[in-house]
Structure formats: C-alpha cells, structure tokens
Amino acid sequence: LKTRHLPTPDCQQQWWQRVDAVLDGQVVEWRRALHRRPEVAFHEFETTELLLAALGTLGVAVERPLETGAVVRLRGAGPGPVIAVRADIDGLPVEEETGLPFASVHAGRMHACGHDGHMAIGLGLTAVLAAVAAELPGEVRVIFQPAEEILNGGAQALLAAGVLDDVDMVVGLHLWSLLPAGGVAARVGPVMAATDEFRIEVRGRGGHGAIPHQAVDPIVTAAAIIGDLQTVVSRRLDPALPGVVTVGTIHAGSAFNVIPDTALMTGTTRAHSATVRELLHREIGRVAENVARAHGAEATCVIVPGVPVTMNDPAMAAVMTGAIREALGPDAILDAPAQMAGDDFGFLAERVPGCYLLVGAGGEEAGATFSHHHPRLTIDERSLGIGLRVLLAGLQRLMDEPVTTRP
Ligand code: NI
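Residues numbered from 1 in each chain as written. Predicted model: local features only at pLDDT ≥ 70, side-chain atom pairs only at ≥ 80, totals over all residues. Heavy atoms only, no water.

Asker: Got a minute to help me understand the coordination of the nickel ion in this structure?
Answerer: Cys113 (SG), His115 (NE2) and His174 (NE2) make up the full set of protein donors to the nickel ion, lying at 2.1 to 2.3 Å. Counting gaps between the donor residues of the nickel ion yields the pattern C-x1-H-x58-H. Of the two residues, histidine 115 sits in helix α3 (residues 115–131) while histidine 174 sits in strand β5 (residues 169–180), which places them 59 residues apart along the sequence. By relative accessible area, histidine 174 is classed as buried at 2%. (Donors = N, O, S within 2.8 Å, 3.2 Å for Na, K, Ca; no water. Helix = DSSP H or I, 4+ residues; strand = E, 2+ residues; numbered from the N terminus. Buried < 20%, exposed > 50% of the residue type's maximum accessible area, 1.4 Å probe, protein only.)

Asker: Explain the sheet that holds strand β12 (residues 262–271) here, please?
Answerer: Think of a sheet as strands paired side by side through backbone hydrogen bonds, with each pair either parallel or antiparallel. Strands sit in the order β10-β12-β8-β13 across an open sheet of 4 strands; the sheet is antiparallel. Each having just a single partner strand, β10 (243–252) and β13 (298–307) make up the two edges of the open sheet. Within this sheet the neighbouring strands show an average axis-to-axis angle of 20°, counted without direction. With 9 bridges joining them, β10 and β12 adopt antiparallel strand pairing. Pairing of isoleucine 250 across the sheet is with methionine 265, part of β12. Packed onto the sheet, helix α5 (residues 218–236) meets β8 (194–203), β10, β12 and β13 and runs at close to 170° relative to β10. Sheet strands touched by helix α6 (residues 274–294): β8, β10, β12 and β13. Its angle to β13, the strand with the most contacts, is close to 160°. (Pairing = 2+ DSSP bridges. Axes fitted to C-alpha atoms, helices over the stretch in contact; angles between N-to-C directions. Contact = heavy atoms within 4.5 Å.)

Asker: Help me understand the pattern of salt bridges in this model?
Answerer: Pairs can form between side chains of opposite charge once their charged atoms are near each other. Using the criterion set out here, one finds 20 salt bridges in the structure. With a shortest N-O distance of 3.6 Å, aspartate 88 and arginine 86 are connected by a salt bridge. Here aspartate 88 matches arginine 86 in class, with each residue buried. Across the pair arginine 141 and glutamate 139 runs a salt bridge, and its minimum N-O distance is 2.6 Å. (Salt bridge = Lys/Arg side-chain N within 4 Å of Asp/Glu carboxyl O.)

Asker: Where do I start with the packing of aromatic side chains in this structure?
Answerer: Between two aromatic rings, the relevant description is the distance of the centres plus the angle of the planes. The final tally for this structure, using the stated rule, is 1 aromatic pair. Judged by centre distance (5.2 Å) and plane angle (50°), the ring pair of phenylalanine 345 and tyrosine 356 falls under tilted. Of this pair, phenylalanine 345 sits in helix α8 (residues 345–351) while tyrosine 356 sits in strand β15 (residues 354–362); the two residues are 11 residues apart in sequence, bridging distant segments of the chain. (Phe/Tyr/Trp six-rings, centres within 6.5 Å; stacked < 30°, edge-to-face > 60°.)

Asker: Please clarify how helix α7 (residues 314–328) should be interpreted in this entry.
Answerer: Every α-helix winds through 3.6 residues per turn, so residues three or four apart in the chain are directed the same way. Between the first and last C-alpha of α7 there are 21 Å, a value that for 15 residues agrees with the 21 Å anticipated at 1.5 Å per step. When we look at burial in α7, the residues that qualify are Met316, Ala317, Val319, Met320, Thr321, Gly322, Ala323, Ile324 and Ala327. In this structure, the buried residues of α7 make contact with β5, β6 (184–185), β14 (310–312), β15 and α9 (382–400). Sitting at the amino-terminal end of α7 is aspartate 313, which places a side-chain oxygen 3.2 Å from the backbone nitrogen of alanine 315. Glycine 329 sits one or two positions beyond α7 and adopts a positive phi of about 100°. (Expected span 1.5 Å × (residues − 1). Polar contact = N/O pair within 3.5 Å; in protein donor to acceptor, adjacent residues only side chain to side chain.)

Asker: It is not clear to me how the environment of aspartate 261 should be interpreted in this structure. Could you clarify?
Answerer: Residue position: aspartate 261 is located in the loop between β11 (258–259) and β12. Residue aspartate 261 is classed as partly exposed on the basis of its relative accessible area, which comes to 48%. Remark: the alpha-carbon pair of aspartate 261 and glycine 206, spanning 55 residues in sequence, is separated by 4.2 Å. The residues touching aspartate 261, leaving out its near neighbours within four places in the chain, are Val202, Arg203, Gly204, Arg205, Gly206 and Pro218. A distance of 2.7 Å separates a polar side-chain atom of aspartate 261 from the backbone nitrogen of glycine 206.

Asker: Explanation requested: the pairing of β8 in the structure shown.
Answerer: Every other side chain in a regular strand lies on the same face of the sheet, so the side chains alternate between the two faces. Pairing of β8 with β12 involves 10 bridges; the strand directions are antiparallel. The partner of threonine 195 across the bridge, within β12, is arginine 270. One ladder, built from 8 bridges, connects β8 with β13; its direction is antiparallel. If you follow phenylalanine 198 over to β13, its bridge partner there is isoleucine 303.

Asker: Mind showing me how you'd approach the environment of alanine 70 here?
Answerer: When you line up the elements, alanine 70 lands in strand β2 (residues 70–75). The class of alanine 70 is buried, set by a relative accessible area of 2%. When the C-alpha atoms of alanine 70 and alanine 263 are compared, they prove to be 43 Å apart, with 193 residues separating the residues in sequence. Apart from residues lying up to four places away in sequence, alanine 70 is in contact with Leu52, Leu55, Val62, Glu63, Val142, Ile143 and Phe144.

Okay, here's the thing in structure tokens:
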C-alpha cells in the first residue's frame, strides 16, 4: 500500500481538522486496496502484510501479539489515559457480486461486512496521531483485530494476549449500510446483541416410511419443536424487551421412504441483556425437551456461547455524541436503534468501559442499499472520512478529559 500524504504537525488545529481532502483520498485508496484482497478469520496474512506496509510508511512501531493483525501504540511524553481503538480486519466466505473495479480477487472471499473500511479508518487515525504523538496526553492504541466474524475469535485472543490489560477505555465503530451516509450514532446502552448458537438433537426411532406407528418420527417432532420455539419470544419474553430465536439449519433423513433415527437443528439467539439471554436459553431447552417427550422422543439442547452484548458506557457515548456535533454538526447525530447483529467488541467493552459507533454508510446515490454480509454490499465511501473525523474528535475529548479510568 502506498502512502502519498502525511499530516503535518500544527498545534493550533483540532485533530479531526487535520484530515483534509488528500488524506480522505488516501483512506479511500487504502480501503480499495484492502477490499481487493479479503481473507477469512485468522487467515488474514496478506491483509496483515498490506497493513504492515502502510504502517511502515507512517513510521510507527508495530507489535504483533497474534499471528495476524497488528497493534500500534501512539504514546505521548505526558501521563494520561490509555485508549484502545479497535478495527477488525477479516472478510467473509462470500463470492463478491458488486462488479466494482476493486472487487475481490480471491474467489469465494469478500469484504462483505465493511471491515476493509474499518482498517482504512484505523490507518488514517494512525497517520494523524503519528504526527502529533509527542503531544499526546496518554496513549492511543490502534488495534487491527483479526477474526471478528467467527465465534471464539480475535477479541478473546487479544484479551488472552493481554493487549487490553492496561487500557482505560476502548472505542470501536462499524460502517453501517442500513444508516444513511453523513450521520453517526453513539447510543447509550446496548448497541449490538449478545449472540449465541443452540444445537438441538432430536432422537426418535427410525423405521419404514409406510409403518410410522412402529417408529418415533424425529422429523415430525423437530417440526413441532420449531413451531413451539416461536412462542419463546412471543409468549415467554416481556414484549417490551427485544429478543430473537432463529432456527437456521435442520438436517434429517437420507431417503424419501425411511423414517430416520435423529434430526439435528442449529440456530441462534439474540438479546440485549444477560437476563434475556439466559431466559431464551432456558426456554429453548425446556420447549425442545418437553415437546420431544410429548411425541415419545427425546431432545437435548446445547448452547454454544458466542459474544456478549456490546454495551456503550453512557459517559463515553455522551462525549462521542459531542464529537459528532463538533466534527459534523448537530444534524449528523443519528438516533439508531440497537442492532440484533453481534460483534465480539462486546468482550472488549465488558473488560473496560467502551463506546461503539455506528457510522452511516448507506444510500441510493452510492448504490449502498444492501445489508452487511450480502454479496453486493458496498458503502458510500464518504463514510470513511466521516468516521475518521468523529473518532479523532472523540479521542481528543476523551484524552483531554477522561470520563473514566481503570480502578
Ligand atoms: Ni462486521
């Protein structure tokens, strides 16, 4: 990745004001170069090479706590808070269908979630802060995190490697095609959902398809379980609280005229609190086991823990909302609902106070009308400079007047 431009130190300027049209263009170039070479979770080797090349031209020291990804510490001489900024770097096993000139050159791999943009913003942030590193009151730690898209992924690996041990606050963002480009949301409270997997195994007794009364049909039982699982949200959950139960796979049988022994289902739950998360898991197990029993079958339900809810610290969210107003004006403050998607940023924000921004990246004009993970996802690239400016404005505020420090 080539770098054409480095911001020059100018103590009079706010950090976000150091982002000019040239750096905006550079960030777009970085994003497109990274977009061309997507790799999946924990296999981001080429991506890491591209990042290291770009960071090399910025003249910063790079640490490699994990096999892929990178960490940059921008530290001033004076004391102050340590604020981590997380940019995730992995793509998805999706075949790109955007037809863009910088579309993926890796078959079956695509930056279909926008993490290419997160990396480009992280590089832009590093470029600006490297120019003012000496005057930083504290440290900004830019973390290029691998493997956000899988369970037991990069965030947990970073925590295990101690990357957040001395951190006071953590900031993250997601470009969001469902919100209009030009605005940013810094919600108070939940932003992304606790996300878990459940696996239900139904055990019946197989037999001839023409002699059902001598068998216990696990397919009919599974169908009844799926139907009754719909009542977990509609009848067991407080209607004022959000929750999702989705059955995503069902596998059973091998021939049209044979009743199989077993049926297997997997699905996902989403919740915005630990209480709802536990309720969904408990009720799914109860429905599965008891409906199966009513059919003379047996069912077991296993929960595979995913990620906790991403919860924004109220004081940090207030500072970030002020930063949006400062950098973009009051109209840019978006009131976005909490999402039911998950992000392993939740693990980081569970460890230290955190704030996760949703940066509007959608719109008809830019053709950015598809949801994340879609093979035609694209973003309005103006969102890159917008996200960068808000991050810088927010970081400067958080460093000047830390709202929270580790005990
Ligand atoms: Ni994502």
